[in-house]
Structures are given as structure tokens and as C-alpha cells.
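Residue-level structure breakdown
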Amino acid sequence: PYCHRRNVAEVQIKNFKSHFISVLAGVDPDFPIHLWDKLLPGAEIQFNILRQSNMTPTVSAYAHLFGPFDFNRHPLSPLGCAVNIHVPPSVRASWGNH
């Protein structure tokens, strides 16, 4: 009755929670933490690519559900990382940050 290790769904929920906590631990220190819900779709894709399918153990869970992931069409990057955006010289001030 109190053994939660046999229920596959509960084990996967525990694994996803651990994965998402590690994603939150690795975000940029200036990341606004109130936007944590925007990280969920990317974390779900990462998690499903990393784990194997229960029905077909030779492929990932993502490949079992949606087909193989195309890294060329949708490149993955670390979630919550800081990004530098290029500001062209014609727009920024002459002594501005660049």
C-alpha cells in the first residue's frame, strides 16, 4: 500500500520533478523566477528525449510519441540561460554598451 516504486506514473512524476528542480538550479541568477512556468515545455521535451519509452525500450519517449526529434529544426539550448542580443552600431550610442 505504501510502496510507490511500483507505480510507473509515480516514478516518472518523481523523476520529472527532480529534472525540473535541476533545471531551476541551473538558470541564470538574473532569471525572473516568477517565469518558471515558461520553462516547462522545454523541460518536458528534454525529459522525454532522455528517458526511454516503456512500450519500445529502444527509442526515447519523445520518439515514441512524436517521432524522432529534429535537432536541426528545433535546436535545444540550456533553459534559462542569459542571452546577448546584438544592437547594431547605427542604433546604439557611440559610447553605449556593446
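Above this note sits the structure.
Here's what I pulled together on the structure shown here. All values derive from a computational prediction rather than experimental measurement.

1. Considering the overall build of the chain
Looking only at helices and strands, one finds three helices and zero strands in the chain. The linear arrangement of helices and strands in the chain, starting from the amino end, is α-α-α. In terms of C-alpha radius of gyration, the chain reaches 19 Å, well past the compact-globule figure of 13 Å for 98 residues. With the C-alpha coordinates of the chain rotated into their principal frame, the extents come out at 70 × 30 × 15 Å. Across the 98 residues of the chain, 18% fall into the buried class. Long-range contacts, defined as pairs at least 24 residues apart, comprise 43% of the intrachain contacts of the chain with a sequence gap of at least 6. Total accessible area computed for the chain in this model is approximately 8,200 Å², and 60% of it derives from carbon and sulfur atoms.

2. Points about helix α1 (residues 8-25)
In this model α1 runs 26 Å from its N-terminal to its C-terminal C-alpha over 18 residues, within 8% of the 26 Å that 1.5 Å per residue would give. Among the residues of α1, Q12, H19, F20 and V23 are the ones counted as buried. End-on, the buried residues of α1 take up no more than an arc of 95°, which puts them together on one face. In α1, those exposed residues whose orientation departs by more than 90 degrees from the buried face are K14, K17, I21 and A25. For α1, the elements touching its buried residues are α2 (40-50).

3. Regarding the packing of aromatic side chains
How two aromatic rings sit relative to each other is given by the distance of their centres and the angle of their planes. All told, the structure shown has six aromatic pairs when counted by the stated rule. Here F16 and F20 contribute two aromatic rings whose centre-to-centre distance is 6.1 Å and whose plane-to-plane angle is 15°, an arrangement assigned as stacked. Separated by four residues within a single helix, F16 and F20 lie in helix α1, roughly one turn from each other. Among the aromatic side chains, those forming a connected cluster through ring pairs are F16, F20, W36 and F47.

4. Side note on the environment of L65
By secondary structure assignment, the location of L65 is in helix α3 (residues 61-66). Separated by twelve residues in sequence, L65 and S53 have C-alpha atoms that sit 8.8 Å apart.

5. Topic: the environment of T56
Take T56: it is sitting in the loop between α2 and α3. According to the relative accessible area criterion, T56 is partly exposed, its value standing at 31%.

What counts and what doesn't
- Residues numbered from 1 in each chain as written.
- Predicted model: local features only at pLDDT ≥ 70, side-chain atom pairs only at ≥ 80, totals over all residues.
- Heavy atoms only, no water.
- Helix = DSSP H or I, 4+ residues; strand = E, 2+ residues; numbered from the N terminus.
- Rg over C-alpha atoms; globule rule 2.2 N^0.38 Å.
- Buried < 20%, exposed > 50% of the residue type's maximum accessible area, 1.4 Å probe, protein only.
- Contact = heavy atoms within 4.5 Å.
- Areas by Shrake-Rupley, 256 points an atom, 1.4 Å probe, with all protein chains shown as cover.
- Expected span 1.5 Å × (residues − 1).
- Arc of directions from axis to C-beta.
- Phe/Tyr/Trp six-rings, centres within 6.5 Å; stacked < 30°, edge-to-face > 60°.

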